[in-house]
Amino acid sequence: MYEVGINHVEDSLEHPPSSAAAECQESIDTVRKEGQSGQTQQERRKRKLPSKFPLLNISRNLVLAYQSLGVVYGDLSTSPLYVYRSIFDGKLQDYQTPEAIFGSFSLIFWTITLIPLLKYVFIVLCADDNGEGGSFALYSLLCRHAKFSLLPNQQAADEELSAYRYGYSGQSTSCLQLKRFLEKHKKSRTVLLIIVLLGACMVIGDGVLTPAMSVISSMSGIKAAAEHLSHDGVLFLSCIILVGLFALQHSGTHRVGFLFAPIVIIWLISIMVIGLYNTVVWNPKVVAALSPYYIVKFFRETGKDGWISLGGVLLSVAGTEAMYADLGHFSAFSMRITFAFVVYPCLVIQYMGQAAFLSKNIDSLPNNFYSSIPDRVYWPVFVIATLAAIVGSQSIITATFSIVKQCNALGCFPRVKIVHTSKHKGQIYVPEINWILMILTLVVAIGFQDTTLIGNAYGLACMTVMFITTFLMTLVIIFVWQRNIVLATSFLLFFWFIEGFYLSSAVIKAPQGGWVSLLFSLVLLAVMLVWHYGTRKKYKYDLHNKVPLKWLLGLGPSLGIVRVPGIGLIYSELVTGVPPIFSHFVTNLPAFHNVLVFVCVKSVPVPHVSSDERFLIGRVGPRPYRMYRCIVRYGYKDAQQDDGNFEDLLIQSLAEFIQMEAVEPQLSSSESPSLDGRMAVISMRILHSSSPLIISDEDFVTCSSIQSSKSQTLQSLRSSYEDENPEVRRRRVRFNLPENPGIDPEVRDELLDLVQAKEAGVAYIMGHSYVKARRSSSFWKKLAVDVGYTFLRKNCRGTAVALNIPHISLIEVGMIYHV
């Protein structure tokens, strides 16, 4: 009757991560091994085909390459506005000579060549997590190939997701020893998480600094042309543009690629033409500065002051991390061809032209870019520069929204409102973060009023992120790519040697503006760690105080209480066992619904979970108890939004599980009444093709429908509430049993009870917890839990709101957690 297309897994009890793979392998159904493994591998080969043979899909990659110009490269392409000025401001004011100009250009050229081109384009872009990029993608890969994850409620079943790719079986002895060492010591895994979060905080810091840096730099062209305009006037205009930029974020970024790409293309062509013009007209000998020999001459002449000026040089690669962070929106091949054949040559020629111009016009350094523009094209270039600065700011703001969502999925950030602005999986808008970024950006712009000081903070944040990416990439080379440790160490030392020079120079400038990025990142890191600590402590309390299943089964099918009509959805973070809010509820109100479903909504360490693998359904206790478990899984980039049909999908999934259990005895709990955790993946495709229930809209006349058991008073109350609150009204669906004489009587009775319970109504039950530190706890723990975590919980979105639970059907159970 049903094709064998459902993945059966055994959802074991919470077990140490190191044994997950072995337990999962033992619990996979034999039919799934033989019937689906080949199909899954074939599908994976199909997904990988375009990346290995990009020419087969060249048109798609060209479109993505075009879009990437408007989303990814805006920040990187606007760096010529301020790089030379940042280099020669400060210690190098006494070294403003043609030789120093040539040396700075040589530094810029080799920096762009080694870091964005060699490191990111040819190496880092290869380390994608099912097409996704960024620090969290690297961390996700590491957590799946070595047990580094600190997510509390992971299961063996998660490793059967199609997006969950295993590494190679063969490993060197030294690699295994390093892996065992890191897995054994929890402190090492905690340090790894802190490093990843620090990188995320620095990127969010870029979201504050980049708009201020880019917009003020572009608007400085007005002052150069209109001498009567004061500095305060330029700052005022910059603030207006910044407010408008953040105010437009709510409209979404789904048209950013096609809308902004022409601006960036015109900008890149303009600066390339201007660079060629300046090179030919002013000093063609600048081409010789492509040789690294001029770098040696530069440091020989400037010494320590030249090393300190590297903080300005690194601004030439600011925005490089966006290539990897926004990989999920595009493809690695499209990003490579865009940078290698468009962005890279345009930037090199522009920096070369500026160096040629400045070598003959040293006095123009304070406003180097606009001074090098020919008078005939000054205002058109100014307009394009301003628009390009806005595009560059847009890309980092969008990346900030994505990082906040990923931190939230990992349990490292308070719950915030996430608005999905389009059907594209990665385009989101976070209102709270948007307005906080706007306020902080205005504070930075008004407080510093100098792009050199902002650039010091900007450079420190950018180089810290690159430094962390190099470290994580080294671990990926070892544990994911299974390469030799010597090769990985060579990669680490080579790029850390280069980035270490820049990072040390940026740290030296911390008193001159760099402290802003440090302060902001440390405060944000403290918020993330406090939230993560409190969340883990709360989960451990639930885990250690869950209701023993033997005690529950000993109460009998009635559970020793009154079973009232309806379905009770009990929300908890536990993936096994009965949560303590259940016993707390029945202790104070000894009545529960005829059908109980323990629901767990959780994130898994993969970017996306297919809708066919989202629901894990299982039974708790024997059939007469009418108790089930539903685990809803999301990836760290998935949209956790309820479009109004969660209840309907849940009922269909439960009905499919009941029907499937009857024909597959290995899932039945009748032989082992204490079995908990034997679960099945219910595919949405099977639900749509062979649902065991007849589904129809309530507005239509249906035969043999089951009447609601709700009283007329409750029905009138619900109707009046929905009339007053039309936004909560949802599409009504009615389920009916088909006339099938061949169906098992017990299965029919259970399906009938399920449909009757759905008609009676669905109640959402979740805990309203107050987390307190024990009296014997240390001062720091009380400060983190009682002050920090409590403050964050009171000021973030509630769980019910985040899960889109209808308020009229919500029952909250108050509990105090002494952790």
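Predicted model only: the values in this text are computed from it and were never measured.

> Teacher, can you tell me more about the overall build of the protein chain here?
Each helix and strand in the protein chain was counted, giving 30 helices and 12 strands. Across the 819 residues in the protein chain, those meeting the buried criterion constitute 57%. Here the contacts in the protein chain between residues at least 6 apart in sequence split such that 84% fall between residues at least 24 apart.

> How should the packing of helix α10 (residues 231-247) against helix α19 (residues 431-448) be read in this particular structure?
Between two packed helices, the angle of one axis relative to the other and the distance separating the axes together describe the packing. At a closest axis distance of 10 Å, the pairing of α10 and α19 adopts a crossing angle of 170 degrees. Taken as axis vectors, α10 and α19 run roughly antiparallel relative to one another. Of the residues in α19, those in contact with L235, C239, L242, V243, F246 and A247 of α10 are N434, W435, L437, M438, T441, L442, A445 and I446. Considering only residue class, the contact of α10 with α19 consists of 12 nonpolar, two polar and no charged.

> It is not clear to me how the environment of P345 should be interpreted in this structure. Could you clarify?
Looking at the element boundaries, P345 is found in helix α16 (residues 332-360). Note on P345: relative accessible area 26%, which makes it partly exposed. Measuring from C-alpha to C-alpha, the distance between P345 and M272 comes to 8.0 Å, with 73 residues separating the pair along the chain. Among all residues touching P345, those that are not within four sequence positions of it are F339 and A340.

> For this particular structure, what's the right way to read the pattern of salt bridges?
Oppositely charged side chains can pair when the atoms bearing their charge come close. Enumeration according to the criterion identifies 12 salt bridges in this entry. Notably, a salt bridge pairs D158 with R633, separated by 3.5 Å at the nearest N-O pair. Taken together, the positions of D158 in the loop between α7 (135-145) and α8 (173-184) and R633 in strand β7 (residues 627-634) put the pair 475 residues apart, joining distant regions of the chain. For E750, the salt bridge identified is with R623, shortest N-O distance 2.6 Å. On the criterion of sequence distance, the pair formed by E750 in helix α28 (residues 745-760) and R623 in the loop between β6 (615-620) and β7 is long-range, its members being 127 residues apart. Under the relative-accessibility criterion, E750 is labelled buried at 0%. One salt-bridge network, held together by shared partners, links R619, R623, E661, E746 and E750.

> When you look at the nonpolar core in this model, what are you seeing that I'm missing?
Nonpolar side chains tend to gather and get buried jointly when the protein is soluble and globular. Among the nonpolar cores identified, the biggest contains 165 residues, and Y73, Y84, W267, Y324 and F339 are the most heavily contacted of them. Apart from the residues lying within four places of it in its own chain, the contact partners of Y84 are S104, F105, I108, Y351, Q354, A355, L358, L365 and N368. Counting 34 residues, the second-largest nonpolar core is a separate cluster that includes Y628, V632, L654 and L751.

> Explanation requested: the confidence of the model for the protein chain in the structure shown.
As a general rule, the predicted coordinates of low-pLDDT regions are not to be interpreted in detail. In the predicted model, the protein chain carries a mean pLDDT of 80, and 80% of its residues have values of at least 70. Here residues 669-675 scores under 50 on pLDDT; set against residues more than four positions off or in separate chains, the count is 13 contacts.

> Would you take a moment to explain empty space enclosed by the protein for this structure?
Picture a little ball the size of a water molecule; that probe, rolled over the atoms, points out where space is still empty. Evaluated as defined, the whole model comprises nine cavities of 30 Å³ or more. V203, E321, A325, A399 and I403 are the residues nearest the centre of the largest cavity, which is lined by 26 residues in total. Of all the secondary structure elements, the ones that give two or more residues to the lining of the largest cavity are α7, α9 (186-225), α15 (321-325), α18 (378-409) and α20 (451-479). When residues in the lining of the largest cavity are grouped by element, the largest group, six residues, is from α18. Residues of the lining of the largest cavity, tallied by class, amount to 12 nonpolar, nine polar and five charged.

> What is the right way to look at the packing of helix α6 (residues 98-121) against helix α12 (residues 293-302) in this model?
Contact pair α6 / α12: the axes reach a minimum separation of 8 Å and the direction vectors enclose 125 degrees. It follows from the interaxial angle that α6 and α12 lie oblique. Considering how the two elements wind past one another, α6 and α12 form a crossing that is left-handed. Residues E99, A100, F102, G103, S104, S106, L107 and W110 of α6 touch α12, and the partners they reach there are Y294, I295, F298, F299 and E301. Per-class residue counts for the contact of α6 with α12 are eight nonpolar, three polar and two charged.

> I'm lost on the pairing of strand β11 (residues 762-772) in this one. Help?
Successive residues of a regular strand alternate their side chains across the two faces of the sheet. Judged from the four bridges that link them, strand β4 (residues 562-571) and β11 form a sheet pairing that is parallel. Within β11, the position partnered with G568 by the bridge is A763. Both β11 and strand β12 (residues 810-818) contribute to a ladder of nine bridges, which runs parallel. Paired with K772 across the strands is H818, a residue of β12.

> Help me understand α7, please; the structure alone is not making it clear to me.
Residues that lie three or four places apart on an α-helix share one face, since the helix turns once every 3.6 residues. Of all 11 residues making up α7, 11 are buried, and the element is well covered by its neighbours. Turning to α7, its buried residues are S135, F136, A137, L138, Y139, S140, L141, L142, C143, R144 and H145.

> Even after reading the chapter, I still don't get a nonpolar patch on the surface, so can you show me in this structure?
A cluster of nonpolar residues, Y277, V280, V281 and W282, forms a patch on the protein surface that exposes about 390 Å² of accessible area. Looking at the secondary structure, you find V280 in helix α11 (residues 256-282). The class for V280 is exposed, based on a relative accessible area of 63%.

> Is there a simple way to explain the pairing of β6 in this structure?
By the criterion of burial, β6 is predominantly enclosed, with six of the six residues buried. Along β6, one buried face is formed by F615, I617 and R619 and the opposite face, lined by L616, G618 and V620, is buried too.

Rules and cut-offs
Residues numbered from 1 in each chain as written. Predicted model: local features only at pLDDT ≥ 70, side-chain atom pairs only at ≥ 80, totals over all residues. Heavy atoms only, no water. Helix = DSSP H or I, 4+ residues; strand = E, 2+ residues; numbered from the N terminus. Buried < 20%, exposed > 50% of the residue type's maximum accessible area, 1.4 Å probe, protein only. Contact = heavy atoms within 4.5 Å. Axes fitted to C-alpha atoms, helices over the stretch in contact; angles between N-to-C directions. Parallel < 35°, antiparallel > 145°, perpendicular 65-115°, else oblique. Nonpolar A, V, L, I, M, F, W, Y, C, P; charged D, E, K, R; others polar. Salt bridge = Lys/Arg side-chain N within 4 Å of Asp/Glu carboxyl O. Core = buried A, V, L, I, M, F, W, Y, C linked by side-chain atoms within 4.5 Å. pLDDT = per-residue confidence, 0-100. 1 Å grid on protein atoms, 1.4 Å probe; cavity = no way out; pocket = protein on both sides within 12 Å on 5 of 7 lines; lining within 4 Å. Points joined across faces, edges and corners; volume = space filled by probe spheres on them. Left-handed = near helix turned anticlockwise from the far one by under 90°. Pairing = 2+ DSSP bridges. Patch = residues over 30% accessible without salt bridge, like charges linked within 9 Å, V, L, I, M, F, W, Y side chains within 5 Å. Areas by Shrake-Rupley, 256 points an atom, 1.4 Å probe, with all protein chains shown as cover.

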